[in-house]
Amino acid sequence: MANNPNTDPWSWYTEIPVVSRMYLTASVATTAACALDLVSPFSLYYNYSLIYHEGQVWRLATNFLFFGMFSLDFLFHMYFLCRYCRLLEEGEFRGRTGDFIVMLAFGASCMVLLAPWISVHFLGSSLAFMMVYVWGRRNEGVRMSFLGLFPFTAPYLAWVLLAFSMVMGNPPTTDVVGICVGHSYYWLEYVYPKLAEIRGFRWKRPLAVPSLFTRPWFRRRVAVPENLSELHAHQD
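What you see is a predicted model; the values in this text were computed from it and never measured. (Residues numbered from 1 in each chain as written. Predicted model: local features only at pLDDT ≥ 70, side-chain atom pairs only at ≥ 80, totals over all residues. Heavy atoms only, no water.)

(A) Fine view of the overall build of the protein. The number of helices and strands found in the protein is nine helices and two strands. Its helices and strands taken in sequence order, the protein reads α-α-α-α-α-α-α-β-β-α-α from the N to the C terminus. Within the span of the protein, comprising 236 residues, buried residues form 44% of the whole. Across the protein, contacts joining residues at least 24 apart in sequence account for 63% of those joining residues at least 6 apart. (Helix = DSSP H or I, 4+ residues; strand = E, 2+ residues; numbered from the N terminus. Buried < 20%, exposed > 50% of the residue type's maximum accessible area, 1.4 Å probe, protein only. Contact = heavy atoms within 4.5 Å.)

Below is the structure:
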């Protein structure tokens, strides 16, 4: 059988939509820098005092980029980050890059505000769980299975992964934060507008894209596969 030139790693990487590709690249590069001792994880984590009193504002972003050193757990997080970030950007947010950025900004902002109260220092896993939750709620008819043992539908995916993470001995806090923020986004973006329409509220979309992102010089379409059905196929 002839090799498909589109299956090589570089082609796979370049086909990832721009926002998902940037996030994946930044996360892997951050972990590589820590593994090579170029950067210390202690300079990346969320710390309220260091951010707001010492001016180390980069921590607001870097705490979303570090998922631990190279390990099986790291690969697990990268898989779900890349897969569901990409599925959202290519599916629900196809041609709506501004809306996708607003979703990520909303999630990151909520998590940063919650972090001082729940003692969570790295929020990348929370953001990934938010994307898994939103994707699941927007694809209710997709059937999946966990390790081939039992079937379920996509809205339960985040809860299944949470249970698996707890069985592996990981604390549930960061994942629960992602689910809660994901539900908040889902309600504000997809439930509240319908209620507002029925009740005649003037403010119908609290998470609408700011006008900056709708200007012609900013907008650009993201290349996606023509056959999206392949991305929503049955999961084994």
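(B) Focus on the pattern of salt bridges. Using the criterion set out here, one finds four salt bridges in the structure. Residues Glu 90 and Arg 86 are paired through a salt bridge, measuring 3.0 Å at the closest nitrogen-oxygen approach. Residue Glu 90 and its partner Arg 86 are both found in helix H5 (residues 72–90); the two are separated by four residues, about one turn of the helix. For the pair shown, Glu 90 and Arg 86 are each scored as buried. Taken together, the salt bridges that share partners define one network made up of Glu 92, Arg 96, Asp 99 and Arg 138. (Salt bridge = Lys/Arg side-chain N within 4 Å of Asp/Glu carboxyl O.)

(C) Expanded view of helix H6 (residues 97–118). Compared with the 32 Å implied by 1.5 Å per residue over 22 residues, the 31 Å span of H6 between its first and last C-alpha is a close match. When the local axis directions of H6 are compared, the greatest deviation, roughly 25°, occurs at Val 112, which is followed within four positions by the proline Pro 116. Ser 119 sits one or two positions beyond H6 and adopts a positive phi of about 55°. (Expected span 1.5 Å × (residues − 1). Bend = angle between axes of the 7 residues up to and from the residue.)

(D) Spatial organisation of unusual backbone geometry. Phi is positive for Asp 37, which is not a glycine, with a value near 60°. Looking at the element boundaries, Asp 37 is found in the loop between helix H2 (18–35) and helix H3 (48–52). Despite not being glycine, Ser 119 shows a phi value in the positive range, around 55°. By secondary structure assignment, the location of Ser 119 is in the loop between H6 and helix H7 (124–138). By relative accessible area, which is 59% here, Ser 119 ends up exposed.

(E) Structural view of the pairing of strand S1 (residues 143–146). Judged from the four bridges that link them, S1 and strand S2 (residues 150–153) form a sheet pairing that is antiparallel. Paired with Met 144 across the bridge in S2 is Phe 152. Where S1 folds back onto S2 in an antiparallel hairpin, the turn is made up of three residues, including Leu 147, whose phi is positive at roughly 55°. (Pairing = 2+ DSSP bridges.)

(F) Region of interest: the UniProt feature "transmembrane region" (unreviewed entry) in the protein. Cross-referencing UniProt, the feature "transmembrane region" (unreviewed entry) maps to residues 22–48, 60–81, 101–134 and 146–168 in the present numbering. Counting secondary structure, residues 101–134 comes out at 85% helix and 0% strand; the distance between its end C-alpha atoms is 14 Å. (UniProt positions renumbered as here; feature names shortened; annotations may be inferred.)

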